[in-house]
Structures are given as structure tokens and as C-alpha cells.
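A closer look at the structure
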Amino acid sequence: KSVVAIVGRPNIGKSTIFNRLVGERISIVEDTPGVTRDRIYAEAEWLTTTFNVIDTGGIELGDEPLLVQMRAQAQVAIDEADVIIFMVNSRDGITGADEEVAKILFKSNKPVVLAVNKVDNPEMRENIYEFYSLGFGEPFPISGTHGLGLGDMLDEVVNHFPEQVQEEIEDDTIRFSLIGRPNVGKSSLVNSLLGQERVIVSDIAGTTRDAIDTPFSKDDRDFVIIDTAGMRKRGKVYESTEKYSIIRALKAIERSDVVLTLIDADTGIQEQDKKIAGYAHEAGKAVIIVVNKWDTVDKGEKTMKEFEDKVRSDFRFLDYAPIVFLSAKTKKRIHTLLPKVLEASENHAKRVQTNILNEVIMDALAMNPSPSIKGQKLKIFYATQVSVKPPSFVVFVNEPELMHFTYERFLENRIREAFGFEGTPIKIFARKR
Ligand code: GDP
């Protein structure tokens, strides 16, 4: 999917535009408990094209001066985006900071679409001509608050998208990524995994457009580790910011089948861990929770059980994810990881037989009759699996609104017990017959 970044001075209206582009979708995912609300990276759609948008304004750098912030934002956009929307403000004209950003963007050779915001009525279009001097061609007048001009701007943005190379060749290579806070041990774990016995790292690195991905095989299975935030340490100021690492993580998640979300046993679980794991869950990927640095913990009889209980209560939304305790440093239990990755990826792509599925549903109904809401009773006629990655099921019913989430949850558990979907989320949709 192509990525679009919005760059511009603070308070110029970037977030308003971002929310207009992605607004509806955000409200859908925000139902997930434990998931962050302040997002700066999300999916958007224009006509038949879906793409991802980054609001670089959301990447705060503490109290760095304006120009430093602007340069960092422009750099994120250049590094991460296929097309950049450069926003200026019709009321302020061209400011020094605008010129500074323009210079950086210009040098990058990335396609830039110049959007002049706060053009709230047609008379104000007279004011946009001075912006030609920024050197990005035709300025597009828009109004974030009134939602004007966005269509023309987006047509131009989409025009600049690179030809989509069909990257996802359907093979049985298992793509996985490691996500987590800086210093949880992502790079160490990658190195330990690759250093295991009988792991054969392919010397043709970069089978996809990011040359950092690492293909390898073990026991005749092919894997690719997708590069994630924090593994390429370039040491620039913005790399250490929380939100920047989230953008990197999201891009990696999107390209993965299985996501390993790492927790540092030494520092314990932190808020940020939950946010990061929440993104993997939302993306519908198979997930494994890895508790790393287990060597640092003084262990008694119940230590692991206690830690596990804590993980389960902090990551309720990941109740399907197995938990693996290991040490990237001592390599203890590291051999248990790839079998889990394999199993999760198989479950993520699993198709079940329709007749067995329906037996399971009918048994479930017999065991726990569907509830009535306002005197009306939910009737289930038929269920079918409509897709994989993640496995998704449609249940045909008399009235979808009667499908209470607790009942849906009950059906999900029955399906899980019957078919074994460890490691993968599954989705159930109620449809009217
Ligand atoms: P990343 O930022 O997530 O890639 O983290 P790194 O792999 O760079 O690791 C951060 C620090 O944690 C380094 O000093 C590692 O040596 C250390 N570390 C990583 N894994 C382990 C582990 O299993 N046990 C211990 N004790 N230290 C670890």
C-alpha cells in the first residue's frame, strides 16, 4: 500500500485533514479495548484506492525549536512516504519555515503535492498564486474545516503513487516481524534466531523492496523476518521518538503474517507495550507475546505463572496469543519460538469445513440457547467461513442486532475449541438471511 505523509508548520490544520482522510475508519477500530486513541498513522481511501496516511505533526520532539521539529518531520515524510502533502496556509503566505521545509522536500525528489489550506471560499483562491514560487507546481486550494478541494488534491496524490508491484507472491513463506519498545531486545532476538542451529540465512537479502528483510529457512520451511523500528539504528533524533517507532512498527506489521510483540521481563510491562501490541491485534495478524530477558528474573516456583497472569490481564485483547518466555542473550528456550510462529501462521491461514463448522454452531446453540432481546430471539440459520488471514466467519441470522457481543464471544470460543486457532484472531459477522 502506498504511504502519504502530511507535512507543514504546527497549527496549520494537518490533523484536521488527517482526520478527514481517515476519520471513519478510526472510529471502527477504536472499539478495541486497550488501544491508543492518538493516532498519527492510519488507513484512508480515495475512490478505489486505499493507502496509509502519516500525520507528521503528531511526532513530537519535546521542546526542540520549531525548525528542528520541522526538519525532523520532513525527514520522516521523505523516509517513509511515497507521496508528500506539503501544507501551507493561505492566510499567512509563505513563511521562513515553509521555505526551509520546501528546500528539504525539494532535494528529496519525492513527489510533493502542495496544499494551501484555509481557502474557505472561492474569493480566497486569488491568494494562492504566490505559492507557485515554492517550486512544487500547481497549488491545490483546500479547506480542512469545510472539507473543500480535497478531491482534486487527492486525485493528484493518487496520480503519483508508484505502480503497485505485486509483492505478495502466494507462496508458503512465513513473514514475521518483531515489535516492541526500544531496547526490549528485538535486534538481539533476531540475531539469536538466525544464529540457531540449522538456520540457513539466504544470502540474497532483500527479496522485497526493503533490503533489510532477512529470508532464512529452518527444517525445510521458508521464513522472512520483516525489518522493524529500532533495528536500523541510524541515531537521528526522531528515531528515538515513540511515535516514529510506531510508524515503523505499523509498516512492518502490515507486511507480516505473524507479529512477535516483545516485552522486557527486566523492566516489566509498560503502557507503551500495550499500545504497540494493540496495533498488531487491530491489523488482524497472528500474534505471539514474547517475554524476553527472562534470564534477568530471579525465579521462584510461581514466577512464570505470576508473570503470565499479569500479561493475560494487561493484554486481554490478545487472549488468543501464546506467551513464550525466553532470553535472547542466553538463548534459553529460543528453539521454542519458530515452531510457535509456524503454528500461528498455519492457524491464521486455516480454512475449516463448512459442514463441521455448522455442527459446531448447532451444538453451541443447543448447549447455550441464544438470548432474547426485547422479546425477540436470535435465530441462527447457517455459518460459513468467508476468508482467511485472519479466519473470518459469517453467521446468517434472523436479525443481526440480536447478536449480543457476549453471545458472539461464546460462539468464538466454541469455534476456537473445535478447530484450534491458537495465535490468530478470528472474526465473526452476523448477517441477515
Ligand atoms: P532493540 O532496541 O529492541 O533492538 O533492543 P536490543 O536488541 O538492541 O537490546 C537492548 C539491550 O538489551 C542490549 O543491551 C542487549 O544486550 C540487551 N538484551 C537483549 N536481550 C536480552 C536478554 O534476553 N537478556 C538480557 N539480560 N539482556 C538482553
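Predicted, not measured: the structure shown is a model, and the values here were computed from it.

1. Digging into the sheet that holds strand β16 (residues 380-387)
- Spatially, β16-β17-β18 is the arrangement adopted by the 3 strands of the open sheet, whose pairing is mixed. With partners counted over all chains shown, the strands left at the sheet margins are β16 and β18 (427-432), one partner each. Mean inter-strand twist for the sheet, computed between neighbouring axes without regard to direction, equals 25 degrees.
- The pairing of strand β17 (residues 392-397) with β18 spans 6 bridges and is classified as parallel. Note on β18: the bridge partner recorded for phenylalanine 393 is isoleucine 428.

2. Some remarks on the pairing of β17
- Alternating positions in β17 separate cleanly, Phe393, Val395 and Val397 being buried on one face and Ser392, Val394 and Phe396 remaining unburied on the opposite face.
- Strand direction decides the pairing type here: β16 and β17, joined by 6 bridges, are antiparallel. Pairing of tyrosine 382 across the sheet is with phenylalanine 396, part of β17.
- Turn length for the β16-β17 hairpin, with the two strands adjacent in sequence and antiparallel, is 4 residues, and the turn residue lysine 389 shows positive phi of about 55 degrees.
- Viewed along the sheet, the connection from β17 through helix α11 (residues 405-419) into β18 turns out right-handed.

3. Quick look at the nonpolar core
- Ranked by internal contacts, the top residues of the largest apolar core, which has 90 residues, are Ala5, Ile84, Phe86, Leu114 and Ala115.
- No other element matches the 7 residues that helix α6 (residues 242-254) contributes to this core.
- Both domains that meet at this core, namely domain 1 (3-159) and domain 2 (174-348), each give it at least three residues.
- In contact with alanine 115, other than residues within four places in its own chain, are Ile85, Phe86, Met87, Phe140, Ile142 and Met153.

4. Concerning the sheet that holds strand β6 (residues 140-141)
- In spatial order, the strands read β2-β3-β1-β4-β5-β6; together these 6 strands make up an open sheet with mixed pairing. Every other strand in the sheet has two partners, leaving β2 (41-46) and β6 as the edge strands with one partner each.
- By the bridge criterion, 4 bridges tie strand β1 (residues 3-8) to strand β3 (residues 49-55) in an arrangement that is parallel. Paired with valine 4 across the bridge in β3 is valine 53.
- Helix-sheet contacts for helix α3 (residues 96-108) involve β1, β4 (83-89) and β5 (112-117), and the interaxial angle to β4 is about 165 degrees.

5. Some details on the domain arrangement of the protein
- Splitting the protein by domain gives domain 1 (3-159), domain 2 (174-348) and domain 3 (354-432).
- Contact residues are listed per partner, giving 13 residues for domain 2 and 8 residues for domain 3.
- For the side of domain 2 that touches domain 3, the residue count by class is 7 nonpolar, 4 polar and 2 charged.

6. Details of helix α5 (residues 186-194)
- Along α5, the residues that are buried comprise Lys186, Leu189, Ser192 and Leu193. Mapping the buried residues of α5 onto a view down its axis gives an arc of 125 degrees, with all of them on the same face.
- Contact partners of the buried residues in α5: β7 (174-179), β11 (258-264), β12 (286-292) and α9 (337-348).

7. Examining the environment of threonine 50
- Along the polypeptide, threonine 50 turns up in strand β3.
- A residue is classified by how many C-beta atoms lie within 10 Å of it, and threonine 50, with 12 of them, is exposed.
- As a C-alpha pair, threonine 50 and serine 2 span 48 residues in sequence and 7.9 Å in three-dimensional space.
- Every residue in contact with threonine 50, bar those within four places of it in the chain, is listed here: Lys1, Glu43 and Glu45.

8. Concerning the site of the ligand
- In the neighbourhood of the ligand, 17 residues make up the surrounding shell, with Gly185, Lys186, Ser187, Ser188 and Lys329 lying closest.
- With 3 residues, α5 is the single largest residue contributor to the shell around the ligand.
- Split into classes, the residues belonging to the shell around the ligand amount to 4 nonpolar, 9 polar and 4 charged.

9. Let's talk about the UniProt feature "binding site: GTP 1" (unreviewed entry) in the protein
- Taken from the UniProt record, the annotation "binding site: GTP 1" (unreviewed entry) applies to Asp55, Thr56, Gly57, Gly58, Ile59, Asn117, Lys118, Val119 and Asp120.
- By secondary structure assignment, the location of glycine 58 is in the loop between β3 and α2 (66-80).
- We classify lysine 118 as buried; it has 20 C-beta atoms within 10 Å.

10. Some thoughts on unusual backbone geometry
- Omega for the peptide link from lysine 389 to proline 390 comes to 0 degrees, which places this bond in the cis form.
- By the secondary structure assignment, proline 390 is in the loop between β16 and β17.
- Of note in this structure, asparagine 183 is not a glycine but carries a positive phi near 75 degrees.
- In this structure, asparagine 183 sits in the loop between β7 and α5.

What counts as what
- Residues numbered from 1 in each chain as written.
- Predicted model: local features only at pLDDT ≥ 70, side-chain atom pairs only at ≥ 80, totals over all residues.
- Pairing = 2+ DSSP bridges.
- Helix = DSSP H or I, 4+ residues; strand = E, 2+ residues; numbered from the N terminus.
- Axes fitted to C-alpha atoms, helices over the stretch in contact; angles between N-to-C directions.
- Buried ≥ 20, exposed ≤ 12 C-beta atoms within 10 Å, placed from the backbone.
- Right-handed = clockwise from strand over helix to strand, strands pointing away.
- Core = buried A, V, L, I, M, F, W, Y, C linked by C-beta atoms within 7 Å.
- Domains from an automatic or database assignment.
- Contact = placed C-beta atoms within 7 Å.
- Nonpolar A, V, L, I, M, F, W, Y, C, P; charged D, E, K, R; others polar.
- Arc of directions from axis to C-beta.
- Near = placed C-beta within 6 Å.
- UniProt positions renumbered as here; feature names shortened; annotations may be inferred.

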